[in-house]
Amino acid sequence: MARKLHLIPGTMCNEKLWAQVLPYLHSSVELVYLNIPLEKNFDELAEHFNQLFGNDSVDLVGFSLGGYIATYFSLLYPQRVNKLFVISNSPTSLSAAELNQRTDTLQLVKKYGYKGISRHRAKTLLNAGSEIDRLTDIILEMDKDLGEAEFISQYQYTSNRMDLSARVNELPSHTCFYYSVDDSLVNVQWLNEISKANPKLSVISTAGSGHMLPLEKPRELAEYLNYWAQL
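Everything in this summary refers to the structure shown in the same document. What you are looking at is a predicted structure, and each value in this text was computed from that prediction instead of being measured.

### Focus on the overall build of the protein chain
Counting its regular elements, the protein chain contains 8 helices and 6 strands. Moving toward the C terminus, one meets the helices and strands of the protein chain in the order β-β-α-β-α-β-α-α-α-β-α-β-α-α. For 231 residues, the compact-globule estimate of 2.2 N^0.38 gives 17 Å, and the protein chain sits close to it at 17 Å. C-alpha atoms of the protein chain, sized along the principal axes, occupy 50 × 40 × 35 Å. Taking the intrachain contacts of the protein chain between residues at least 6 apart in sequence as the baseline, contacts between residues at least 24 apart amount to 80%. When the accessible area of the protein chain is evaluated, it comes to approximately 11,300 Å², of which 49% is carbon and sulfur surface. A gap of 0 Å separates the mean positions of the 21 positive and 26 negative side-chain charges of the protein chain.

### A look at the sheet that holds strand β5 (residues 174-180)
If you walk across this open sheet you meet the 6 strands as β2-β1-β3-β4-β5-β6, and the pairing is parallel. Every other strand in the sheet has two partners, leaving β2 (29-33) and β6 (202-206) as the edge strands with one partner each. Taking each pair of neighbouring strands and ignoring which way they run, the sheet shows an average axis angle of 20°. Where strand β4 (residues 81-87) meets β5, 5 bridges bridge the pair, whose relative direction is parallel. Across the sheet, the residue bridging to Val-86 is Phe-177, located in β5. In the packing of helix α6 (residues 188-197) onto the sheet, contacts are made with β5 and β6, and the angle to β5 comes to roughly 150°.

### Quick look at unusual backbone geometry
Phi is positive for Glu-39, close to 55°, though the residue is something other than glycine. With respect to the helices and strands, the residue Glu-39 is situated in the loop between β2 and α1 (42-53). Look at Glu-39 and you get exposed, because its relative accessible area is 55%. Phi at Ser-64 is positive, roughly 55°, even though this residue is not glycine. Residue placement: Ser-64 occurs in the loop between β3 (58-63) and α2 (65-76). On the basis of relative accessibility, which here comes to 14%, the residue Ser-64 falls in the buried class.

Quick notes on the rules
Residues numbered from 1 in each chain as written. Predicted model: local features only at pLDDT ≥ 70, side-chain atom pairs only at ≥ 80, totals over all residues. Heavy atoms only, no water. Helix = DSSP H or I, 4+ residues; strand = E, 2+ residues; numbered from the N terminus. Rg over C-alpha atoms; globule rule 2.2 N^0.38 Å. Contact = heavy atoms within 4.5 Å. Areas by Shrake-Rupley, 256 points an atom, 1.4 Å probe, with all protein chains shown as cover. Lys, Arg positive; Asp, Glu negative; His and termini not counted. Charge placed at Lys NZ, Arg CZ, Asp CG, Glu CD. Pairing = 2+ DSSP bridges. Axes fitted to C-alpha atoms, helices over the stretch in contact; angles between N-to-C directions. Buried < 20%, exposed > 50% of the residue type's maximum accessible area, 1.4 Å probe, protein only.

What follows is the structure, encoded as structure tokens:
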């Protein structure tokens, strides 16, 4: 029997994010690609996915921003989520510095238009290595696919985030967080604290600073997903 994994991507990402993982997944695992609708805050996004899933309970996987959305949804509609797998995200508030940077960026984009993520910025999301140019190309392709409206929507509606640590005991019993130990976009201290607060959570670290783990470590991620899908 096929096990469906419902996937929520990150900021300016689409289904190309998962293409490297697919060859390593077990034949019984089926991927369902979700997108992040425009101009919706987290409550509205949760309601969107609640209506989309209907009466079903799903195995939910979220990457980066999608990881926060997936966690938020799991807390708001626990009856809709069997299991939760969060990649490269610590579901907590963004720092004041990042919020200010996002506000400034949003104002510039609204005034001058969206020029796309720079190649230099895309590379900072990856570990240095022989594959960095090819993986950077994928990041740039996804960004170009989605464009200005998607960027403005995601920055405007999904930057104001709550710290969800107080509710970690309400997460599904098979909840897993997977992240790079030196990823500057992940609050490692937050993850360490919630793993102590709820020993039932699986918190898995991997070496390096890469944020784009579905692109950089597809085999390792697939191994964890294959195991988690059978729980």
